Amino acid sequence: MKRSQDPVHSLPQPKKPKVDGDSSTEAEWTRVERRKAKKSRKIEAKHDTQTLRFMYVNNEIVKRKNAIHVDDVRDLVLHIIADAPPPNWVKIENPRSIQQVVALLIPGILSSFLSIPPLPTSATANPNIPLSIPLPSDSHTPIPFIASTFSHACPTRAPGDQTRMYSVLSSFFQGPVSGEEKRKRIEARLTSERIAEKDPSSYVLTLEQMIENDYPIPSYMADIFEKPPGWVETPEPERESILVVSAEKQRSKVYAIDCEMCMTEDGKELTRICIIEYESGIVVYDKLVKPLKPVTDYLTRWSGITEAQLATATTTLSQVQTHLLPILSPPGGPVSILVGHSLESDLKALHICHPLCIDTALVYHHPRGRPLKPGLAWLTKKWCHREIQTRGDGGHDPEEDARACVDLLRLKVQNGAGFGEFKTDCESIFERMKRASGRGGPGSVRSAVVDHGNPTVMHGAKANTVVGCASDEEVLEGLIQTVSAHEFTFGRFMGLADVLGWITPKSTTDVPAPLPPPTEPSPEALLAAQTKLNAHLTSLYASLPPRTALVIFTGHSDPRHMATLNARKSTFESAIKGGKKAEDIDKSEWWTTADGRELEEEVERAKRGLLFLGIK
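Residues numbered from 1 in each chain as written. Predicted model: local features only at pLDDT ≥ 70, side-chain atom pairs only at ≥ 80, totals over all residues. Heavy atoms only, no water.

For the protein chain, an unreviewed UniProt entry supplies the name Exonuclease domain-containing protein and the organism Scleroderma citrinum Foug A. UniProt, in the comment section headed Sequence similarities (unreviewed entry), describes the protein chain in these words: "Belongs to the REXO1/REXO3 family." (UniProt positions renumbered as here; feature names shortened; annotations may be inferred.)

Structure (structure tokens):
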């Protein structure tokens, strides 16, 4: 809740006046409400007269080894809108008078577009100091809104290591929990571990987790997934009294499952399924599946399926569904639990909705935290101390993968819920905002994400409002409609980055597509994109309520050369891992030490970004 709407929330309630009649009481209360409204207006007027501004602290910035990190931008937002501690690199004058924060990620805004000189390379000049932006009247800029609204551009640095740049979105939307919250979570986890039995059912996904990770949901759990033709769902579990059901019949059986797919004219289709019983480790079902449409790519490197193998398949998908339903819902017994790695993909391949699922990609953590998911081969090597998926171009073995899921679940059950987690516990910024005790108290900060695609399944999953968009025009419209009702709003404009060629469509297959050589847009196309972005920012700014902090960050610079080099590196390493010798590979495709140094330089360039801070 906005403070301007509830300025006397913490004031003691006035005593009820002693009166003889109801009409007198009503009159007294009316006067009390008028006094509240009057005081509210006075507080609001006081906020309106406050000077609100950001001031960079250069003497703190020069002490840093690197530029301001995307993590620092996230923590700045949390300081304003939640209860995070103040940053030392920027000061905010009268931060409590700020009503709302709008954060915009706009990749593609370069220093040259704003007539800002390149970052200094002299040993005596610090490249991390905020740079002064010339006014539009002093320079020719195709994005005059930036130059007329913000006085400085602060260099930033994207997350990553020497050879890769990590996701800017993940870094902004995920952060470590506070020490106090971590202590509470550890205590809660230890308590639950003391109470819980050594039972795999403790790790069954909740409905919220299934929705968040795009599982096909049975209709009796939630009416959010419409089954296409050919889909089936496990029957709803019968609710019998535990007084008349034996303990053995109450316990669900657990099965590990893994599916392999090939590419057909209709996209990926199921071509092999393997199911292993958890307790015994016995393979209870293993079938090659004949797809409905002709195969266009066997994806042998991943599926392990060859043309000769699949030629012997006679079982169809509908027959597989008929075989599985008695396993998933045995007569006279409880519904079985399925365990798999990114199990939603297997269920989609089977065209089955199932209510009880355990996902090793979720019960174990990625070392960099959510929303990243760990790979099955990495988990098996890390926690089971053995390697899988080592057949190179021979592809995966579904029995091997299913057995790895069995072993990972056993380790989890034996060692408790904390097994497989990492010391750095992360959470979404929306969880942090909802927990904040400032402003109107916990739960009072409302948040919104307006972004391209379907942000509900990724960074916007825990926001109060999520708006998926197909264009920058829709993003602008969504922002204008949502900002006034939310204390924090995030939006992303991608038109400029798209014209620059920074965005490449995702491959529809598991086979990585070769990257096209970087090309520059025509001056006319670039100018049109810059002009459109400027118009969008101008319209959005005009719609913002007073005392709104506007945070614009670009995240990174041109990633194309870095991506091209990484693709070359990956191709060479895959060839060597697949058994080829260097002399069997064309020298033009070798990966050399010089290439490695060039990659490191390109990664450093790609990590550079800009930050603009202002308050309307």
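From this point, things continue past the structure.
Draft legend 1. Summary view of the nonpolar core. Counting residues in each nonpolar core, the largest one holds 52 residues, and the members touching the most others are Phe-54, Phe-172, Met-433, Phe-488 and Phe-490. Here this core gets 7 residues from one element, more than from any other, and that element is helix α3 (residues 70–81). Not counting residues up to four positions away in its chain, the partners in contact with Phe-54 are Leu-76, Ile-80, Val-90, Lys-91, Ile-92, Ala-549, Leu-613, Gly-614 and Ile-615. In this structure, Phe-493, Ala-497, Leu-500 and Leu-610 belong to the second largest nonpolar core, which totals 36 residues. (Core = buried A, V, L, I, M, F, W, Y, C linked by side-chain atoms within 4.5 Å. Buried < 20%, exposed > 50% of the residue type's maximum accessible area, 1.4 Å probe, protein only. Helix = DSSP H or I, 4+ residues; strand = E, 2+ residues; numbered from the N terminus. Contact = heavy atoms within 4.5 Å.)

Draft legend 2. Up close: the packing of aromatic side chains. With the rule as written, the count across this model stands at 13 aromatic pairs. Taken together, the ring pairs connect Phe-172, Phe-173, Phe-430, Phe-488, Phe-490 and Phe-553 into an aromatic cluster. Lying over the aromatic face of Trp-383, Lys-382 brings its terminal NZ or CZ to 5.3 Å of the ring centre. Positioned over the ring face of Tyr-278 is Arg-410, at 5.3 Å from the centre of the ring. (Phe/Tyr/Trp six-rings, centres within 6.5 Å; stacked < 30°, edge-to-face > 60°. Lys NZ or Arg CZ within 6 Å of the ring centre and 35° of its normal.)

Draft legend 3. Main features of helix α15 (residues 398–415). An ideal rise of 1.5 Å per residue puts 26 Å on 18 residues; α15 measures up with 26 Å between its terminal C-alpha atoms. Those residues of α15 that fall on the buried side of the exposure criterion are Pro-398, Asp-401, Ala-402, Ala-404, Cys-405, Val-406, Leu-408, Leu-409, Leu-411, Lys-412 and Val-413. Looking at where α15 begins, the residue whose side-chain oxygen comes 3.0 Å from the main-chain nitrogen of Glu-399 is Asp-397. A positive backbone phi angle near 100 degrees is found at Gly-416, which sits one or two residues after α15. (Expected span 1.5 Å × (residues − 1). Polar contact = N/O pair within 3.5 Å; in protein donor to acceptor, adjacent residues only side chain to side chain.)

Draft legend 4. Region of interest: the layout of surface pockets. In this model, the second largest pocket occupies a volume close to 890 Å³. Along the walls of the second largest pocket sit 38 residues, with Leu-119, Ser-557, Glu-604, Arg-605 and Arg-608 positioned nearest its centre. Contributing elements (two or more residues each) for the lining of the second largest pocket: β6 (152–157), α20 (560–577), α21 (593–606) and β21 (608–615). Broken down by element, the lining of the second largest pocket gets its largest block of residues, 4 residues, from α21. Of the residues belonging to the lining of the second largest pocket, the class tally is 17 nonpolar, 11 polar and 10 charged. (1 Å grid on protein atoms, 1.4 Å probe; cavity = no way out; pocket = protein on both sides within 12 Å on 5 of 7 lines; lining within 4 Å. Points joined across faces, edges and corners; volume = space filled by probe spheres on them. Nonpolar A, V, L, I, M, F, W, Y, C, P; charged D, E, K, R; others polar.)

Draft legend 5. Spotlight on the pattern of salt bridges. The tally for this structure, following the rule as stated, stands at 29 salt bridges. Here Lys-227 ties to Glu-233 by a salt bridge, and the two come within 3.4 Å at their closest N and O atoms. (Salt bridge = Lys/Arg side-chain N within 4 Å of Asp/Glu carboxyl O.)

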